[in-house]
Amino acid sequence: MRIIGKTRISSSKQAILVALTALGSICALLMPALASAATHSYEVLIDADGNAATGCTVSNSAGAAAGVEIIVRATVNTTQNTANATALERLNCQSGTFGAASAQPGHLTRC
C-alpha cells in the first residue's frame, strides 16, 4: 500500500480511479494556457504495491521512478478555445517492461 498525497491506495482499481481524477484536473490547468492547436500527452505512474523493487523503472528528464506497475496515459487535443480528452490508455509492467497500451473505458471530456 502506498500513500499518495492524502489518498490511501489499497488496490490497483483504486489507484486507477485516483489517476483518472488527477487526469481530469488537466482541463482546469490547460484552459488558461490555450493558445493554439496542439496534442498533449499526460501520464500518471502508479506503484500499485508500494514496493520500488518490483515493477518497471520509468525514466525521463526529471529522473527515474522505480517500482511502477501501471501507467495511465491521457491524450488531450487543444485548440484556441477548447481542450478535448481524446484517448485514455493503460500500460502494464510485465517482466520489467511495459506492454502495449490498451484503451480504457471511461468518459472522455471536453473542457
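Scroll up for the structure.
This is a predicted model, so every value here is computed, not measured.

Parameters and conventions
Residues numbered from 1 in each chain as written. Predicted model: local features only at pLDDT ≥ 70, side-chain atom pairs only at ≥ 80, totals over all residues. Heavy atoms only, no water. Helix = DSSP H or I, 4+ residues; strand = E, 2+ residues; numbered from the N terminus. Buried < 20%, exposed > 50% of the residue type's maximum accessible area, 1.4 Å probe, protein only. Contact = heavy atoms within 4.5 Å. Areas by Shrake-Rupley, 256 points an atom, 1.4 Å probe, with all protein chains shown as cover. Disulfide = S-S within 2.5 Å. Salt bridge = Lys/Arg side-chain N within 4 Å of Asp/Glu carboxyl O.

Q: Outline the overall build of the protein, listing residues and values.
A: Looking only at helices and strands, one finds 2 helices and 9 strands in the protein. When the elements of the protein are put in sequence order from the N terminus, they spell out β-β-α-α-β-β-β-β-β-β-β. Among the 111 residues that make up the protein, the fraction classed as buried is 27%. Partitioning the contacts of the protein with sequence separation of at least 6, the portion at a separation of at least 24 is 48%. Counting only carbon and sulfur atoms, one obtains 54% of the accessible surface of the protein, whose full area is about 6700 Å².

Q: Now, about the state of the cysteines: what can you tell me, with residues and values included?
A: Enumeration according to the criterion identifies 1 disulfide in this entry. For Cys56, the disulfide goes to Cys93, at an S-S distance of 2.0 Å. In this structure, the disulfide formed by Cys56 and Cys93 twists by about 85° around the S-S bond and is classed as right-handed. Here Cys56 is found in strand S4 (residues 56-60), whereas its partner Cys93 is found in strand S7 (residues 83-94), with 37 residues between them in sequence.

Q: Go over unusual backbone geometry, please, and point to the residues and values.
A: Positive phi, normally seen in glycine, also occurs at Ser95, with a value near 55°. Position of Ser95 among the secondary structure elements: in the loop between S7 and strand S8 (97-98).

Q: Hey, could you go over the pattern of salt bridges for me, with residue numbers and the actual values?
A: Enumeration over the complete set of coordinates arrives at 2 salt bridges. Glu89 is the salt-bridge partner of Arg73, the closest N and O atoms lying 3.3 Å from each other. Residue Arg73 is found in strand S6 (residues 70-78), and its partner Glu89 is found in strand S7; the two are separated by 16 residues along the sequence. Judged by relative accessible area, which is 21%, Glu89 ranks as partly exposed.

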